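What the coordinates show
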Amino acid sequence: MDKNQKVEFVSSFRSALVDAGIVIVARQSGLTVEQSTSLRNKMRDAGASYKVAKNTLARLAIKGLPCEVITDQLSGPVAIAYSKDPISTAKILSKFMGEVEEGKLSIVCGALGSNLLNAAA
C-alpha cells in the first residue's frame, strides 16, 4: 500500500466510523479465508462491516472520534466490526465465535459512543 492508498483508506474508514453506533475490536488468529468471508457476508447482510486493518491506520482513522477509547486495544492481529445497530453486530460476532474453533476469534472490547466496553459487555 503506497502513501496515497493509506490516506484514502484512513479517510474512507473514518467516514464509515463517524456514524457507527458501536465499534467492536475482535482478535482473530487462524481464521481460514472461507471463515473470514462467511463472517464478512453475515455482517454485510445485517448492515454491519468487518475490517482487518493495520493498527496504525486504524488509530489514525479513529483519532478524535468517540470510539477513540479503543485505541489502546489495537495491537496484534485484530479486526474491527462496526455498524449503526449495536445489538446485531455483537450478536453476529458472538454467534460466529461459537461456530469456529476456540481461540480463532474473540472479542477484545468495544465502544458504544465514547464508552469503553469490555468483552463481556
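Residues numbered from 1 in each chain as written. Predicted model: local features only at pLDDT ≥ 70, side-chain atom pairs only at ≥ 80, totals over all residues. Heavy atoms only, no water.

This part takes up the sheet that holds strand S3 (residues 78–83). Spatial strand order, S2-S3-S1-S4-S5: 5 strands in an open sheet with antiparallel pairing. On the outer flanks of this sheet lie strand S2 (49–52) and strand S5 (115–118), each paired with one strand and no other. Taking the axes of each pair of neighbouring strands and ignoring which way they run, one obtains an average angle of 25 degrees across the sheet. Direction of pairing for strand S4 (residues 105–112) relative to S5: antiparallel, over a ladder of 4 bridges. When the bridges of S5 are listed, Cys109 appears paired with Asn118. Its contacts with the sheet put helix H4 (residues 86–99) on strand S1 (22–28), S2, S3 and S4, and the angle it makes with S4 is roughly 170 degrees. (Pairing = 2+ DSSP bridges. Helix = DSSP H or I, 4+ residues; strand = E, 2+ residues; numbered from the N terminus. Axes fitted to C-alpha atoms, helices over the stretch in contact; angles between N-to-C directions. Contact = heavy atoms within 4.5 Å.)

Taken as a whole, this structure holds 2 aromatic pairs when the rule is applied. Three or more aromatic residues link up through ring pairs in this structure, and these residues are Phe9, Phe13 and Tyr82. (Phe/Tyr/Trp six-rings, centres within 6.5 Å; stacked < 30°, edge-to-face > 60°.)

Under the counting rule described, the total for this entry stands at 2 salt bridges. Of the charged contacts in the structure, one is a salt bridge between Glu99 and Lys42, with a shortest N-O distance of 2.9 Å. Of this pair, Glu99 sits in helix H4 while Lys42 sits in helix H2 (residues 33–45), placing them 57 residues apart in sequence. Given a relative accessible area of 33%, Lys42 falls into the partly exposed group. Residue Glu101 is joined to Lys104 by a salt bridge in which the shortest nitrogen-to-oxygen separation is 3.9 Å. (Salt bridge = Lys/Arg side-chain N within 4 Å of Asp/Glu carboxyl O. Buried < 20%, exposed > 50% of the residue type's maximum accessible area, 1.4 Å probe, protein only.)

For the rest of this paragraph, the subject is the environment of Ala119. With respect to the helices, strands and loops of the structure, Ala119 is situated in the segment after S5. Residue Ala119 is classed as partly exposed on the basis of its relative accessible area, which comes to 41%. Along the primary structure Ala119 and Lys54 are separated by 65 residues, whereas in three dimensions their C-alpha atoms are 21 Å apart. When residues no more than four places from it in sequence are discounted, the contact partners of Ala119 are Ile107, Val108 and Cys109.

Any functional reading would require information beyond the geometric quantities listed.
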